Amino acid sequence: MNFDIHDTWKPFLDDEFNKSYFKELKDFIDYEYENYVCFPPKNQIFNAFNHCHFDQVKVVIIGQDPYHDFNQANGLCFSVNDAVKHPPSLLNIFKEIENDLGIPHPISGNLMRWAEQGVLLLNATLTVRAHISGSHQKKGWEIFTNEIIKQISDNKKGVVFLLWGGYAKQKIKFINIKNHVVLTTGHPSPLSANRGYWFGNGHFSKTNYLLEQASLAPVIW
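Residues numbered from 1 in each chain as written. Predicted model: local features only at pLDDT ≥ 70, side-chain atom pairs only at ≥ 80, totals over all residues. Heavy atoms only, no water.

Draft legend 1. Representation of the overall build of the chain in the model. The helix and strand inventory of the chain stands at nine helices and six strands. Computed over the C-alpha atoms, the radius of gyration of the chain is 17 Å, within 12% of the 17 Å expected from 2.2 N^0.38 for a compact globule of 221 residues. Along the first, second and third principal axes, the C-alpha atoms of the chain reach 45 × 35 × 25 Å. Within the chain, the proportion of its 221 residues that are buried is 53%. Across the chain, every contact between residues at least 6 apart in sequence was considered, and the portion connecting residues at least 24 apart equals 65%. A total of about 10300 Å² of accessible surface is found on the chain, and carbon and sulfur atoms cover 51% of it. Between the centroid of the 21 positive side chains of the chain and the centroid of its 22 negative side chains there is a distance of 7 Å. (Helix = DSSP H or I, 4+ residues; strand = E, 2+ residues; numbered from the N terminus. Rg over C-alpha atoms; globule rule 2.2 N^0.38 Å. Buried < 20%, exposed > 50% of the residue type's maximum accessible area, 1.4 Å probe, protein only. Contact = heavy atoms within 4.5 Å. Areas by Shrake-Rupley, 256 points an atom, 1.4 Å probe, with all protein chains shown as cover. Lys, Arg positive; Asp, Glu negative; His and termini not counted. Charge placed at Lys NZ, Arg CZ, Asp CG, Glu CD.)

This is the structure:
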């Protein structure tokens, strides 16, 4: 694994790359990719940071780990590659956007267009072994991504953090809520959404309202 991460992030993360836990994580990831099929492709592991530079971050969405089937994961949480069938959680995200903002369901589930508008699509774990959900959890990625949340919290102001579901909500402890806005709701997965914990949250219109109040461009969802 190389550290192919955009230069704007390096002042905040260079120290992490030199810590012992990250060196152990690198060895683990290198072994996994050499011996098993893993996702996303190695050159897309840091896609979230390469398509949303540190100085551009105005919204953060936190996922858990990448999709673990072929051609799905592209380094952005909840996102899939063009022409890939939309997974259930992503489908419910698009349904809520349509309910909230009247934006029709898009053909592509590739959320690169969000990232390039300043939405950091951050999975807590950045890699996974094929067909084994959570297989790269508790190997060091969470330490790294928690540090990213802290660095954003400490070095920026007015970022909108969208925490969906119990796992993401735990990340609030790394966010200074005096300097940022945190919106929480249920997870968009069918299990949560069908119980009434997702639909109607209005997070997309609320986020754009908050951005406009801060004289920032709203996100074209």
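Draft legend 2. Summary view of empty space enclosed by the protein. For the coordinates displayed, the defined rule picks out two cavities of 30 Å³ or more. What lines the largest cavity is simply Pro40, Ile45, Pro66, Ala73, Asn74, Gly75, Leu76, Ser79, Asn123, Thr125 and Leu126. Residues that form the lining of the largest cavity fall into these classes: six nonpolar, five polar and no charged. (1 Å grid on protein atoms, 1.4 Å probe; cavity = no way out; pocket = protein on both sides within 12 Å on 5 of 7 lines; lining within 4 Å. Points joined across faces, edges and corners; volume = space filled by probe spheres on them. Nonpolar A, V, L, I, M, F, W, Y, C, P; charged D, E, K, R; others polar.)

Draft legend 3. Layout of the side chain of aspartate 65. Relative to the assigned elements, aspartate 65 resides in the loop between β2 (59-63) and α4 (88-101). The charged side chain of aspartate 65 is buried without a salt bridge, its nearest counter-charge being arginine 129 at 11 Å. Apart from residues lying up to four places away in sequence, aspartate 65 is in contact with Asn123, Thr125, Val128, Ser133, Gly134, Ser135 and Gln137. (Salt bridge = Lys/Arg side-chain N within 4 Å of Asp/Glu carboxyl O.)

Draft legend 4. Representation of unusual backbone geometry within the structure. Looking along the chain, the bond that leaves phenylalanine 39 and enters proline 40 is cis, with omega of -5 degrees. Following the sequence through the fold, proline 40 ends up in the loop between β1 (38-39) and α3 (47-50). At alanine 83, a residue that is not glycine, the phi angle is positive and equals roughly 75 degrees. Structurally, the position occupied by alanine 83 is in the loop between β2 and α4.

Draft legend 5. The sheet that holds β2, seen in detail. As summarised here, the arrangement of the four strands in space is β3-β2-β5-β6, forming an open sheet in which the pairing is parallel. Looking at the sheet topology across the chains shown, the edges are occupied by β3 (119-123) and β6 (181-185). Neighbour-to-neighbour, the strand axes of this sheet turn through a mean angle of 20 degrees, independent of strand direction. In this structure, strand β5 (residues 160-164) lies alongside β6, joined through five bridges in parallel fashion. The residue of β6 that forms the bridge with tryptophan 164 is threonine 185. (Pairing = 2+ DSSP bridges. Axes fitted to C-alpha atoms, helices over the stretch in contact; angles between N-to-C directions.)

Bear in mind that shape data such as this cannot, by itself, settle questions of function.
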